Amino acid sequence: MSTHPLTGEVLALVSQVRAVAVEDDETAAAEALGGDVARLARGTAAVVVVGEKKRGKSSLINALIGRPGLLPVDADVATCVHVIVSHGPDGVTVVEGGGSAGREVPLTALAEYAALDPGARAPEHEDVSQVQVRVPAPLLAGGLELIDTPGVGGLVAGHAALTLATLDRADALVFVLDGSSEITASELAFLEKATERITTVAFALTKIDLFPAWEEVRARDVELIARHAPRYAGAPWFGVSSRAAADAVAAEADGEPEEAAQERAASGIDPLSDHLAGLAQDADGLRLADLLHQTSALAKRLSALQVRRALSLSLSPEFAASVKREKDALTALQGQNATWRQTLGERSARLEQRMRTELARRLEDLRKEVGDQIATGSSKVFDTVATDLPPRAQALWIELDTLLRRELTALGEALLADLEGVEVDLAGVVPDAPERLAQLPEAARGQGSTSFAEQGIMAAGLGMGLGHLVALVVAPPIGILAGIGAVGFFSWRRWSKERGARSREDARRYLGEVATRLNNEIPPVVSQAVAGAREVLGRQITAVLAAEKDRLTASLAEHEKNLASEKSALARRKAEVDARLKKRNELREAAEQLAARLPVDREETS
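## Here's the deal with the overall build of the protein chain
Phase 1 of the analysis: For the protein chain, the helix and strand inventory stands at 18 helices and 11 strands.
Phase 2 of the analysis: A total of 606 residues make up the protein chain; the buried ones form 43% of that total.
Phase 3 of the analysis: Within the protein chain, contacts between residues at least 6 apart in sequence are counted, and of these 82% link residues at least 24 apart.
Phase 4 of the analysis: Of the accessible surface of the protein chain, which amounts to about 29300 Å², a share of 55% is contributed by carbon and sulfur atoms.

Structure below.
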């Protein structure tokens, strides 16, 4: 990977922005930019793979490197720490206690250190903070490293903070969804947060072999992302089947090159692999883009700070009156009897009732749709329902989870609408899907009907008896065969009809079990989420109001001090602030111009 031709200009600009940040007492922001500068010297391209639980992240990485089964993929032993997969001879390094050094363990011990214990549902080694895996995969040979992250039910909760922290070392992001249903509210919220840290994103839609309508799901996802995370509206999408990629590897090993090529093409893995290889080749350009993004954001913030100071120095009576009105309003909002408290209680109660009604409606729709399918189904309807119902039930939960998060976010935004720049953060409010919902009842056939083999034995016995009677009229061999055939035909019809009835009965019973599980497990989650949101929003609004009041009090005090100052001193301070504002605006514009030149200059030198 060569050095980008704009590196020198970018570093010079970053140095200037860091210097003015220190002038404005934004030391932490200046230090953070320093960390981004240090990343430029890294020799590998880090791509973080993120997504909610059961989206297929680990399976996707296994498919990309051509090693099915390398990373643990079972739902019961899902990834619980960050796993960095890079090029090298087979090996695993386990990092413990957050240190930089690690110890070697066999590749066969990977699941022990990187996954949950299937019995205890907890890490076997609590002190493991990171696992580094090396494999001699062609895709990784160009300096690419793939980082697998723990999946969570709701990316804004649980491990989301850790995953976002991991983006600090990422050059690009692969966001994993699947073809079962559209992107959830929590995933969209995560994307918006990721916008602050990274500029390069690709979307992978997995399990396309399991969901025939995956292209329709992708179209809805693209529309939602354009609306809620427009920065990624032009990001590339890749439909992939990790199962087909694994089948291709197996066919190749069995000496079936044609079958391997067909499975590889069906997997869709090659376009994504080529895209990631290109990212590795242009890693220095990606890092410069991320660095410029952070630099531009900081320069904008510093400019806004100077604008506020300039207004304070303007001695405008309207400015002072505006600040005083805001302060008085905030004081009223901080009172114990403030209307927002009552509004929060009333709206959250209505939301919980609305979610319960929505669950009942969707469950009724599910029962009717599957019930109609069962009523008109063939003798194989049980097998169809047993295959289709679990993903439909999971999709129902995902849709309700998305609706709940969206409604809670809207509630918080409505309550904070009058506070400019204040964001709603409901991290951890909506719990993960209950384990009993993730592990639905197994579809089992009932007992009672005779099998076709048993019916055949009975038919043969009856046929022999009828055959002897027919043999009295016609030739004995023909009579016996005719008797067996006649009784066998009618027995087959009886067995087929009975089998169809039993299949429908088993399917109805399984539908009832799944619907009962959904009805028992989802309402407590809704209640817990709404109660948690009410508590979190109450604390957050109280804290925000206090902080905003302090800020306005300080602003008003500064304005009153300015009013008491001599006009000559005030003019000097105003000129200084104007000059500082001009410099920060120039730095912001320079960052935007460099960002626009970045891809052009890169193409000319590649």
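## Notes on the packing of aromatic side chains
Describing an aromatic ring pair means giving the distance of the ring centres and the angle of the ring planes.
Phase 1 of the analysis: Counted according to the given criterion, the structure contains two aromatic pairs.
Phase 2 of the analysis: Aromatic ring contacts, followed pair by pair, group F175, F203 and W237 into a single cluster.

## Considerations on the pattern of salt bridges
Phase 1 of the analysis: In total, this model carries 25 salt bridges according to the counting rule given.
Phase 2 of the analysis: R356 serves as the salt-bridge partner of E352, at 3.5 Å between the closest nitrogen and oxygen. Of the two residues, E352 and R356 both sit in helix α13 (residues 339-375), four residues apart, roughly one turn of that helix.

## Describing the side chain of T200
Phase 1 of the analysis: In this fold, T200 is placed in the loop between α6 (185-194) and β10 (201-206).
Phase 2 of the analysis: Using a relative accessible area of 17% as the deciding quantity, one classes T200 as buried.
Phase 3 of the analysis: Residues within four places of T200 in sequence aside, it is in contact with D171, A172, L173, L279, L286 and D290.

## Things to note about the packing of α6 against helix α7 (residues 214-228)
Phase 1 of the analysis: Between α6 and α7, whose axes approach to 10 Å, the crossing angle comes to 45 degrees. When the interaxial angle is binned, α6 and α7 end up oblique. Here α6 runs over α7; the crossing is right-handed. Residues L188, L191 and E192 of α6 touch α7, and the partners they reach there are L224, I225 and H228.
Phase 2 of the analysis: Within the contact of α6 with α7, the residues separate by chemical class into four nonpolar, one polar and one charged.

## Considering unusual backbone geometry
Phase 1 of the analysis: The backbone of D25 sits at a positive phi, close to 60 degrees, despite the residue not being glycine.
Phase 2 of the analysis: Mapped onto the secondary structure, D25 falls in the loop between α1 (7-23) and α2 (27-39).
Phase 3 of the analysis: One non-glycine residue, K207, lies in the positive phi region at around 60 degrees.
Phase 4 of the analysis: Counting through the fold element by element, K207 comes out in the loop between β10 and α7.
Phase 5 of the analysis: The class for K207 is partly exposed, based on a relative accessible area of 25%.

## Comments concerning a negative patch on the surface
Phase 1 of the analysis: A contiguous patch of negative charge, built from D247, D254, E256, E258 and E259, is present on the exposed surface.
Phase 2 of the analysis: As for its position among the elements, E256 is in the loop between α8 (242-253) and α9 (257-267).

## Points about the environment of L13
Phase 1 of the analysis: You can see L13 is positioned in helix α1.
Phase 2 of the analysis: On the basis of relative accessibility, which here comes to 5%, the residue L13 falls in the buried class.
Phase 3 of the analysis: Note: C-alpha distance between L13 and A591 (578 residues apart in sequence) is 7.4 Å.

## Observations concerning the nonpolar core
Phase 1 of the analysis: Ranked by size, the top nonpolar core spans 44 residues in total, and within it L60, V85, V131, V133, L144, L146 and L276 carry the most contacts.
Phase 2 of the analysis: Once you skip the residues sitting within four places of it in the chain, V85 turns out to touch I61, I65, L71, V133, V135, L140, L144, E145 and L146.
Phase 3 of the analysis: Formed by 29 residues, the second largest nonpolar core is a distinct cluster that contains I374, V381, I522 and A529.

## Here's the deal with the environment of I269
Phase 1 of the analysis: Assignment of secondary structure puts I269 in helix α10 (residues 269-281).
Phase 2 of the analysis: Of the residues examined, I269 reaches a relative accessible area of 0% and is grouped as buried.
Phase 3 of the analysis: For the pair I269 and A63, spaced 206 residues apart in sequence, the C-alpha separation works out to 7.3 Å.
Phase 4 of the analysis: Residues within four places of I269 in sequence aside, it is in contact with L60, A63, L64, V240 and R264.

## Some remarks on the pairing of strand β2 (residues 82-87)
Phase 1 of the analysis: Within β2, five of the six residues are buried, leaving the element largely enclosed by the surrounding structure.
Phase 2 of the analysis: As paired elements, β2 and strand β8 (residues 144-148) share three bridges and run antiparallel to each other. Bridge pairing in β8 links I84 to I147.

## A word on α10
Phase 1 of the analysis: Here α10 contains 13 residues, and its C-alpha end-to-end distance of 19 Å stays within 8% of the 18 Å for a straight helix at 1.5 Å per residue.
Phase 2 of the analysis: Along α10, the residues that are buried comprise I269, L272, S273, L276, L279 and A280. In a view along the axis of α10, the buried residues occupy a sector of 120 degrees, so they form one face of it. Looking at α10, the residues exposed on the side facing more than 90 degrees away from the buried face are D274 and Q281.

## Points about the confidence of the model for the protein chain
Phase 1 of the analysis: Scored by pLDDT, the protein chain has a mean of 75; 71% of the residues are at 70 or more.
Phase 2 of the analysis: Averaged pLDDT values over the elements of the protein chain bottom out at 48 in helix α16 (residues 452-471) and peak at 96 in strand β11 (residues 237-239).
Phase 3 of the analysis: In this model, residues 152-159 is a region of pLDDT below 50 whose contacts with residues beyond four sequence positions or in other chains number 31 contacts.
Phase 4 of the analysis: Across residues 448-455, confidence stays below pLDDT 50; counting only partners more than four residues off in sequence or on other chains, it has 13 contacts.

## Remarks on the packing of helix α3 (residues 57-65) against α10
Phase 1 of the analysis: Between α3 and α10, the least distance of the axes is 10 Å, while the angle of their chain directions is 80 degrees. Here α3 is positioned roughly perpendicular relative to α10, judged by the angle of their axes. Every residue of α10 that contacts α3 at L60, A63 and L64 is listed here: I269, L272, S273 and L276.
Phase 2 of the analysis: A breakdown of the residues in the contact of α3 with α10 according to their chemical character gives six nonpolar, one polar and no charged.

The rules we used
Residues numbered from 1 in each chain as written. Predicted model: local features only at pLDDT ≥ 70, side-chain atom pairs only at ≥ 80, totals over all residues. Heavy atoms only, no water. Helix = DSSP H or I, 4+ residues; strand = E, 2+ residues; numbered from the N terminus. Buried < 20%, exposed > 50% of the residue type's maximum accessible area, 1.4 Å probe, protein only. Contact = heavy atoms within 4.5 Å. Areas by Shrake-Rupley, 256 points an atom, 1.4 Å probe, with all protein chains shown as cover. Phe/Tyr/Trp six-rings, centres within 6.5 Å; stacked < 30°, edge-to-face > 60°. Salt bridge = Lys/Arg side-chain N within 4 Å of Asp/Glu carboxyl O. Axes fitted to C-alpha atoms, helices over the stretch in contact; angles between N-to-C directions. Parallel < 35°, antiparallel > 145°, perpendicular 65-115°, else oblique. Left-handed = near helix turned anticlockwise from the far one by under 90°. Nonpolar A, V, L, I, M, F, W, Y, C, P; charged D, E, K, R; others polar. Patch = residues over 30% accessible without salt bridge, like charges linked within 9 Å, V, L, I, M, F, W, Y side chains within 5 Å. Lys, Arg positive; Asp, Glu negative; His and termini not counted. Charge placed at Lys NZ, Arg CZ, Asp CG, Glu CD. Core = buried A, V, L, I, M, F, W, Y, C linked by side-chain atoms within 4.5 Å. Pairing = 2+ DSSP bridges. Expected span 1.5 Å × (residues − 1). Arc of directions from axis to C-beta. pLDDT = per-residue confidence, 0-100.

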